[in-house]
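The chain contents come next:
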Amino acid sequence: MEDTKTFFGACPHDCPDACGMIYKTEGDKLVSVKGNPDHPFTRGALCVKLNDFDAHHYNPDRILYPMKRTGPKGSRQFQRISWDEAIETIGAKWEQIIAESGPQAIIPYNYLGNSGVLNGLNVGDPFFNRMGATVLERTACGSAHIGGYLMTLGPSIGTDPESFVHSKTIVVWACNSVSTNLHHWRYLADARKRNGARIIVIDCVKSKTAGQADWHIMPKPGSDAALAMGIINVLRQDGLIDRDYVDQHTVGFEELMTRAAEFDLAYVEAETGVPAAEIRHLAHEMATRQPTAIRVGIAIERNLRGGQAMRAICCIPALTGAWRHVGGGILQSPAWAIPMDTVAMSRPDWIPEGTRVVNSLQIGRALTELQDPPIRSMMVFNANPAASAPDSERIREGLAREDLFTVVSEHFMTDTAAYADILLPATMAAEQVDIIVSWGHLYIAYNEAAIPAPGEAIPNTELFRRLATRMGYQDEILKFSDDELINNHITWDAPQLEGIDLDYLKTHGFARYQVGSPDELAPHAQGAFPTPSGKCEFVSEFASHGNFVGPPYRQGYTAMQDGAPLDPLPGYDRSEASLVNAGVNEKYPLRLLTPKSHTFVNTCYANEEDKVIKLGGRQVWLHPSDADQRGISNQAPVDVVGPTGLFSAHAVITEDVPPGVVLTPSGFWRPEDRSEGGTVNSLCSDELGIFGRAPTYNGNYVDVVLNA
């Protein structure tokens, strides 16, 4: 038998859990991937998405060699070429485009298909910034969620997710933890056993998490800001405010109370569909059963005014004094503890003044409409925009342009890869070195290359080294080895890494940041918020800067921001909560929700039949009353239709969605056996939210009809 070895791994997916893993090999073969039992947060368990991760590496459909297109765009007709030919073809074409149209005729397109520090979000930034290409603003998720949080609390780690075991009231707001944050759910369950904690889920549908809650509150989609402001008004009316904490550690209290007074419970009930008595009871629970912790999910932002909902929710722990307690406060993301040097990673100083910005959610517009210069080349990596971005029919139209030179680095022949001119093979997690950080817990991990890459696949880091060499870029960072990149990207002398260095991670696999014990950590018991005022800002000083997107999501670029005015106070305006295609609601009367899937990670794994079967195939959930009106029976084949396209599925008739709402899990690729019936994002508008230029996936109207 060949030598058996084990290696440290960490999940590379865009998921808050960032599971610690152990790779087991025999010779050069990966024979198992298990959860690392020593990892305190993930405790040796992997989710349904990763429980056959070793087999995923050996999927027979993997792209293993560079290829060039031989047939029409989208035909999936390619032939193998050498790496030398691939790099030379790309370099020569880009040099021609730059000479004829300037570097802004080229655009990268990437996101968090890999979330590693080395191979993830920022891996291509220095290369494309050095080139002077159009900057991609990457706001597929989190930008409004983050913006509302920063405006209120600053870059605080918030409530330690492990501290939830000390909570007595836990509010899971717009987060389906059981499907998308599984390991944190175990801390909530522990709190229920240890202290009789009550778990309250606020979700506009009965998700898997809502089904395990002690109390499920079901507001209308997009009305979360109204609900939060109603809670604040009850705190005001019923004397539930911790005035000592508010007076010492907040600013803008009187202004917030004036705004909250506008939200009488009759109005809030009408807007949210939540009975006034329930809203009052919820406010009392959150104020009096301390510690109270809120876990708020990114789904809160997926409409026009999601940032305002986030702002209002973030005010509640300061009003009730929940921050005084271990296990009290709010968890948005503890990623603010990550000591990454974004400027060193991205080199925004190389971006020429006045370089334009294209938002990733509107890439279809850019490819079909942008001029001066038009986009003549796009390189896609860590992303599948033809399936995951909104208005996907227009994206396909743009990708089909014969004059668009498209380079795609991928694992599989995705909807986007089918349109590539040059298709490049990328490594998977067990085949590359990386540092994995989490936006859901306080651990940093080292991922070892456990096996050789199959075929001629290479990591993103090596890909950009080769491209930089071909383009003649001699800058030091573009030549760094992987270990040099790690040392460049991580601020190792930061206080939260005291006693931790790269050698430590290579030896132990992971480490917890030095921010205090989860049994003692109450980060804002004495205020000390990392805001301009040092306090929780009910009235935000940062609002004066206008609408913004954080530099890491803009290749480090701080110029050319949107800058649209922002309300310095949280609130809710019915007109601003309108759906993005509300003008068509007579023809398309149903509100569409597209939550994350239980078995996919965005569009990852949608090509694997076992994951599709476990999910139940392409589904659309309808309330019985909506199904009856349309003559639709359970499991009937249907088309979900909207102004921009259609999506084919089978009907699931259930009271888990309210009347007037339909739900279909996101992530499916376009069926290969029909020209119509694309992805659910064929139905989603590319209009941007008012906060953070966020997506509005959950702000669209559709109808459901029997598939003839």
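Here is what the cut-offs are and how they apply
- In this convention, every chain numbers its residues from 1, walking through the sequence in written order.
- Local features in this predicted model are restricted to residues of pLDDT 70 or higher, and side-chain atom pairs are both shown and tallied only at a pLDDT of 80 or more, whereas totals for entire chains, interfaces and linings draw on every residue.
- The side-chain numbers reported here are obtained from all heavy atoms of the structure, hydrogens and water having been left aside.
- When a residue's accessible area, from a 1.4 Å probe over protein chains only, is under 20% of the maximum for its type it is buried; when over 50% it is exposed; and in between it is partly exposed.
- Comment: elements are numbered from the N terminus, with helices defined as DSSP H or I runs of at least four residues and strands as E runs of at least two.
- For two strands to count as paired, DSSP must find a minimum of two bridges between them.
- What makes two residues a contact is simply this: any of their non-hydrogen atoms within 4.5 Å.
- The axes used here are C-alpha line fits, helices contributing only the stretch in contact, and every angle between their N-to-C directions lies in the interval 0 to 180 degrees.
- Salt bridges are identified by distance alone: a Lys or Arg side-chain nitrogen within 4 Å of an Asp or Glu carboxyl oxygen.
- By definition, the arc is the one covered by directions from the helix axis to the C-beta atoms.
- Here the word oblique covers every angle except those under 35 degrees (roughly parallel), over 145 (roughly antiparallel) and from 65 to 115 (roughly perpendicular).
- Handedness of a crossing is defined here by the sense of rotation of the near helix relative to the far one, left-handed for an anticlockwise turn of less than a right angle and right-handed for a clockwise turn.
- Gly is placed with the polar residues, together with every amino acid not listed as nonpolar (Ala, Val, Leu, Ile, Met, Phe, Trp, Tyr, Cys and Pro) or charged (Asp, Glu, Lys and Arg).
- Pairs were defined over the aromatic rings of Phe, Tyr and Trp, the Trp ring being its six-membered one, requiring ring centres within 6.5 Å. Orientation was assigned from the angle between planes: stacked under 30 degrees, edge-to-face over 60, tilted for the rest.
- Geometrically, a charge over a ring is one whose NZ (Lys) or CZ (Arg) sits within 6 Å of the ring centre while staying within 35 degrees of the ring normal.

*Asks:* Where do I start with helix α4 (residues 143–153) in this structure?
*Replies:* For an α-helix, 3.6 residues make a turn, and residues three or four places apart therefore share a direction. In terms of burial, α4 is a largely internal element, ten of the eleven residues being buried. Looking one or two places after α4, you find G154, whose phi comes out positive at around 75°.

*Asks:* Where do I start with the pairing of strand β2 (residues 20–26) in this structure?
*Replies:* Where strand β1 (residues 4–10) lies against β2, seven bridges are found, and the strand directions are antiparallel. Across the sheet, the residue bridging to F7 is Y23, located in β2. Pairing of β2 with strand β3 (residues 29–35) involves six bridges; the strand directions are antiparallel. Note that in β3 the partner of K24 across the bridge is S32.

*Asks:* Help me understand the environment of A522 in this model?
*Replies:* Considering the arrangement of structural elements, one finds A522 in the loop between β20 (510–512) and β21 (536–537). Linking A522 and W323, residues 199 residues apart in sequence, is a C-alpha distance of 6.6 Å. Residue contacts for A522: discarding those within four places in its chain leaves W323, R324, H325 and V326.

*Asks:* What should I look at first to understand the sheet that holds strand β6 (residues 106–110) in this one?
*Replies:* Paired through their backbone hydrogen bonds, the strands of a sheet run either parallel or antiparallel. What the six strands build is an open sheet, ordered β5-β4-β17-β16-β15-β6; its pairing is mixed. Two strands bound the open sheet, and with one partner strand each, they are β5 (78–80) and β6. On average, adjacent strands in this sheet sit at an angle of 20° to one another, irrespective of strand direction. Packing of helix α2 (residues 83–101) onto the sheet brings it into contact with β4 (67–69), β6, β15 (377–381), β16 (405–410) and β17 (422–425), and relative to β17 it is tilted by some 135°.

*Asks:* Is there a simple way to explain the pattern of salt bridges in this structure?
*Replies:* A pair can form between side chains of opposite charge whenever their charged atoms are brought close. A complete count under the given rule lists 41 salt bridges for this structure. For the salt bridge of E85 with K68, the shortest nitrogen-to-oxygen distance reads 3.5 Å. On the criterion of sequence distance, the pair formed by E85 in helix α2 and K68 in strand β4 is long-range, its members being 17 residues apart. A residue is classified by how much of its surface remains accessible, and K68, at 28% relative accessible area, is partly exposed. With a shortest N-O distance of 2.8 Å, E162 and R512 are connected by a salt bridge. Of this pair, E162 sits in the loop between α4 and β8 (169–173) while R512 is found in strand β20, placing the two residues 350 residues apart along the sequence. Each of the two residues, E162 as well as R512, counts as buried. Each of R365, E369, D391, R394, D686 and E687 takes part in a single network of salt bridges with overlapping partners.

*Asks:* How do you make sense of helix α16 (residues 392–399) when you look at a structure like this?
*Replies:* Listed in full, the buried residues belonging to α16 are S392, R394, I395, G398 and L399. The arc enclosing the buried residues of α16, seen along the axis, measures out at 155°, which places them on a common side.

*Asks:* I'm lost on the pairing of β8 in this one. Help?
*Replies:* Across a regular strand the side chains alternate sides, sitting on one face of the sheet and then on the other. For β8, a buried count of five out of five residues is recorded, marking the element as mostly surrounded by other parts of the structure. Alternating residues of β8 divide into T169, V171 and W173 and I170 and V172, and every residue in both groups is buried. Note that β8 and strand β9 (residues 198–202) share five bridges and pair parallel. Across the sheet, residue V171 finds its bridge partner in β9, namely I200. Pairing analysis gives five bridges linking β8 to strand β12 (residues 292–296), with the strands arranged parallel. Across the sheet, residue V172 finds its bridge partner in β12, namely R295.

*Asks:* How should the environment of L424 be read in this particular structure?
*Replies:* Mapped onto the secondary structure, L424 falls in strand β17. Using a relative accessible area of 0% as the deciding quantity, one classes L424 as buried. Here the alpha-carbon distance between L424 and E456, two residues 32 residues apart in the chain, equals 9.1 Å.

*Asks:* Is there a simple way to think about the sheet that holds β20 in this case?
*Replies:* The three strands lie next to each other as β18-β19-β20, forming an open sheet whose pairing is antiparallel. Each end of this open sheet is capped by a strand with a single partner; those strands are β18 (434–437) and β20. Ignoring which end each strand starts from, the neighbouring axes of this sheet average 15° apart. Here β18 pairs with strand β19 (residues 443–447) via four bridges, running antiparallel. Following the sheet pairing, V437 is matched in β19 by I444.

*Asks:* Explain the packing of helix α7 (residues 224–237) against helix α10 (residues 265–272) to me, please; I cannot follow it from the model alone.
*Replies:* Each pair of packed helices can be summarised by the angle the axes make with each other and by the distance between the axes. Packing of α7 against α10 brings their axes to within 9 Å, and their N-to-C directions diverge by 160°. Classified by the interaxial angle, the pair formed by α7 and α10 is roughly antiparallel. Remark: the crossing between α7 and α10 carries left-handed chirality. Across the interface between the two elements, A226, L227, G230 and V234 of α7 pack against L265, V268, E271 and T272 of α10. Residues of the contact of α7 with α10, tallied by class, amount to five nonpolar, two polar and one charged.

*Asks:* Just to check I follow, could you spell out the packing of aromatic side chains for this structure?
*Replies:* The way to describe two aromatic rings as a pair is by their centre distance and the angle between their planes. For the structure on display, the rule yields 13 aromatic pairs. Plain terms: the ring middles of F128 and F464 are 5.9 Å apart, the flat faces sit at 75° to each other, and that makes the pair edge-to-face. Of this pair, F128 sits in helix α3 (residues 125–131) while F464 sits in helix α17 (residues 460–471), and the two are 336 residues apart along the sequence. You'll find F128 and F464 in the same group, each marked buried. Ring geometry for W323 and F529: centres 6.0 Å apart, planes at 80°, overall edge-to-face. Pair noted here: W323 is in the loop between α12 (306–320) and β13 (329–331) and F529 is in the loop between β20 and β21, with a separation of 206 residues, a long-range link. Site record: aromatic cluster; members linked through ring pairs are W94, F127, F128, F381, F464 and Y473. A cation over an aromatic ring shows up here: R80 above the ring of Y65, its NZ or CZ 3.6 Å from the ring centre. One Lys or Arg, R466, reaches over the ring of W83 and ends 5.0 Å from the middle of that ring.

*Asks:* Quick question: what am I supposed to make of unusual backbone geometry here?
*Replies:* Glycine aside, the phi torsion of most residues is negative, and most peptide linkages are trans. The amide bond that connects Q290 to the next residue, P291, takes the cis arrangement and shows omega of 0°. Inspection of the secondary structure assignment puts P291 in the loop between α11 (276–288) and β12. For the bond from D372 to P373, the omega torsion is -5°, close enough to zero to count as cis. In this structure, P373 sits in the loop between α14 (363–369) and β15. Even without being a glycine, R76 presents a positive backbone phi close to 65°. Looking at R76, the relative accessible area reads 28%, which means it is partly exposed.

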